[in-house]
Amino acid sequence: MEQARPKLWTKDFIIISAANFFLYLIFYLLLVTIAVYAVNHYHASESQAGLVTGIFIIGTLIGRLVIGRIIESVGNRKTMLFGLIFFILTSLLYYIDSGVTFLLFTRFVHGLALGVASTATGTIVAQIIPNARKGEGIGYYSMSTTMATAIGPFIGLYMSQHTSYSAIFSFCLALGLISFIIALFMKVPEVKASAKKAAVKGGFKLSNYIEPKALPIALVTLIAGICYASVLSFINFYAIEINLVSVASFFFIVYAVAILVSRPITGRLMDVKGANYVMYPTFILFAAGLLLLSSASSGTIFLLSGVLIGFGFGNIQSCSQAIAVKVTPLERMGLATSTYFIALDAGLGFGPYVIGFIIPLTGYRNLYLIMAIVALACTVLYYIMHGKRKETLAEVRL
């Protein structure tokens, strides 16, 4: 007789997913509005406006790097609540009108706070999801971020056209407060003291900041993230060039829908069959979406590429996070989560800077063709880093 599947949709799982959603809703809402704010309000140059956007990612990376080392010793719940309070307090800095330099400082510390809070939420969710449904659970949890990627930019663009920036900052502050309040109602099982002690050893060691077992899949995530950064940062410029501005705003909507539809399937498949059954097809779909985007000449093809990229990169994200957790001992789960997100943020944050040097040489169509080749090459990189490694039954079920 088949054993009953452990419950996934618990009160704590729903709360942590909701808290994470509000955090990333703020992130993506400000992502599409803050550069314009810097230009319109402070007369910042394009390079300064780009830095106002990008320095947030730098702060997030540093936050993850630091908190990943100490989260197990401090405690997951304490770290989460501290991160959320820090996030709320730094949100207040947006009201201080002291020039673009202070805005850069505000963005940096706000990113620092997100790095702390989101690393804690990612660690907690990996801890409370039943072992037998780890891939499925992380897939559902990741959808909270996916929904934010679609809803955040939409709200941000709408508010920037119909309200003041003070209203935008107030809305973000309110969302931060909601995230903190609901987080107060969740219970987090703490790692045993002996495990905490073993998690991080004294002295300066790379393994105190980066989880070595999660590093291979993190490197794959880094390269895939750079490919997706070409879409996230330059899709609007490309749409203008090919006269498809009218449909560009729907790109991330269909991208999010594709993920929402596919993740319950891919997460369950990963738990039952293993990571390779999901990862190889997703790299191919990601490459196909970028290839289709490079040749888009109609709104239908343009949006179809968004669907394929959603099926591809959208599932690469969640499955890679699940792999990072699965290959890592319980007492170092915080470091594994931090390592994964550092790689993802580095790809999405620094990718546009690197790609910015390529575009003048290639143009947008050839850029996406190159990115399609790189995404396809990720299948080889994945095989070398993780795919050739035989998963035990315990790891598949973990």
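The model shown is predicted, which means the values in this text are computed figures rather than measured ones. (Residues numbered from 1 in each chain as written. Predicted model: local features only at pLDDT ≥ 70, side-chain atom pairs only at ≥ 80, totals over all residues. Heavy atoms only, no water.)

Trainee: Explain the overall build of the chain residue by residue, including any values.
Mentor: When helices and strands are tallied, the chain shows 15 helices and 0 strands. Computed over its C-alpha atoms, the radius of gyration of the chain comes to 20 Å, within 12% of the 21 Å expected for a compact globule of 398 residues. Summarising its shape, the C-alpha atoms of the chain cover approximately 60 × 45 × 40 Å along the three principal directions. Taking all 398 residues of the chain together, 55% fall into the buried category. Of all intrachain contacts in the chain linking residues separated by at least 6 positions in sequence, the fraction that spans at least 24 positions is 86%. Of note, the chain has its 27 positive side-chain charges centred 8 Å away from the centre of its 14 negative side-chain charges. (Helix = DSSP H or I, 4+ residues; strand = E, 2+ residues; numbered from the N terminus. Rg over C-alpha atoms; globule rule 2.2 N^0.38 Å. Buried < 20%, exposed > 50% of the residue type's maximum accessible area, 1.4 Å probe, protein only. Contact = heavy atoms within 4.5 Å. Lys, Arg positive; Asp, Glu negative; His and termini not counted. Charge placed at Lys NZ, Arg CZ, Asp CG, Glu CD.)

Trainee: Outline the packing of aromatic side chains, supporting the account with residue identities and numerical values.
Mentor: Evaluation of the coordinates by the stated rule reveals 25 aromatic pairs. Across the ring face of Y277, the terminal group of K273 is positioned such that the distance to the ring centre comes to 5.9 Å. (Phe/Tyr/Trp six-rings, centres within 6.5 Å; stacked < 30°, edge-to-face > 60°. Lys NZ or Arg CZ within 6 Å of the ring centre and 35° of its normal.)

Trainee: Lay out the side chain of T282 in plain terms, naming residues and giving numbers.
Mentor: In this fold, T282 is placed in helix α12 (residues 276–294). On the basis of relative accessible area, T282 is assigned to the buried category, the value being 3%. In this view, T282 contacts F311, G312, N315 and I316; residues no more than four positions away in its chain are not counted.

Trainee: Would you mind going over the environment of G135 in detail, with residue names and values included?
Mentor: Mapped onto the elements, G135 comes out in helix α6 (residues 134–162). G135 sits 131 residues away from T266 along the chain, and the two C-alpha atoms are 8.2 Å apart.

Trainee: An account of helix α14 (residues 333–387) is needed here, citing residue identities and associated values.
Mentor: Under the 1.5 Å per step criterion, the end-to-end length of α14 is only 21 Å for 55 residues, more than 12% shorter than the ideal 81 Å. Along its length, α14 shows its largest kink, about 110°, at G363. (Expected span 1.5 Å × (residues − 1). Bend = angle between axes of the 7 residues up to and from the residue.)

Trainee: Please provide a residue-by-residue account of the pattern of salt bridges, values included.
Mentor: Under the defined criterion, the tally for this structure stands at 2 salt bridges. The partner of D345 in a salt bridge is R64, with the nearest N and O atoms 2.6 Å apart. Here R64 lies in helix α3 (residues 46–74) and D345 lies in helix α14, a separation of 281 residues in the sequence. There is no split in this pair, since D345 and R64 are both buried. The salt bridge involving D271 is made with K326; its shortest N-O contact spans 3.7 Å. Of this pair, D271 sits in helix α11 (residues 251–273) while K326 sits in helix α13 (residues 299–326), and the two are 55 residues apart along the sequence. In this structure D271 comes out as buried when scored by relative accessible area, which is 0%. For K326, a relative accessible area of 6% puts it in the buried group. (Salt bridge = Lys/Arg side-chain N within 4 Å of Asp/Glu carboxyl O.)

Trainee: Describe the nonpolar core, with residues and values.
Mentor: Counting 118 residues, the largest nonpolar core has F286, L290, F302 and I309 as its most contacted members. Looking at which element gives the most residues to this core, the answer is α14, with 18 residues. Here F286 is in contact with A224, C227, Y228, L308, I309, G312, F313, I316 and A375, once residues within four sequence places are set aside. (Core = buried A, V, L, I, M, F, W, Y, C linked by side-chain atoms within 4.5 Å.)

Trainee: How would you summarise the confidence of the model for the chain if you had to cite specific residues and measurements?
Mentor: Mean pLDDT over the chain stands at 85; residues scoring 70 or higher make up 91%. α12 holds the highest mean pLDDT among the elements of the chain, 96, whereas helix α15 (residues 393–397) holds the lowest, 45. (pLDDT = per-residue confidence, 0-100.)

Trainee: For unusual backbone geometry, give the residues involved together with the corresponding values.
Mentor: One non-glycine residue with positive phi stands out, namely H43, at about 55°. When you line up the elements, H43 lands in the loop between α2 (34–42) and α3. For H43, a relative accessible area of 68% gives the class exposed. For N243, which is not glycine, the phi torsion reads 60° and is therefore positive. Note on N243: relative accessible area 66%, which makes it exposed.

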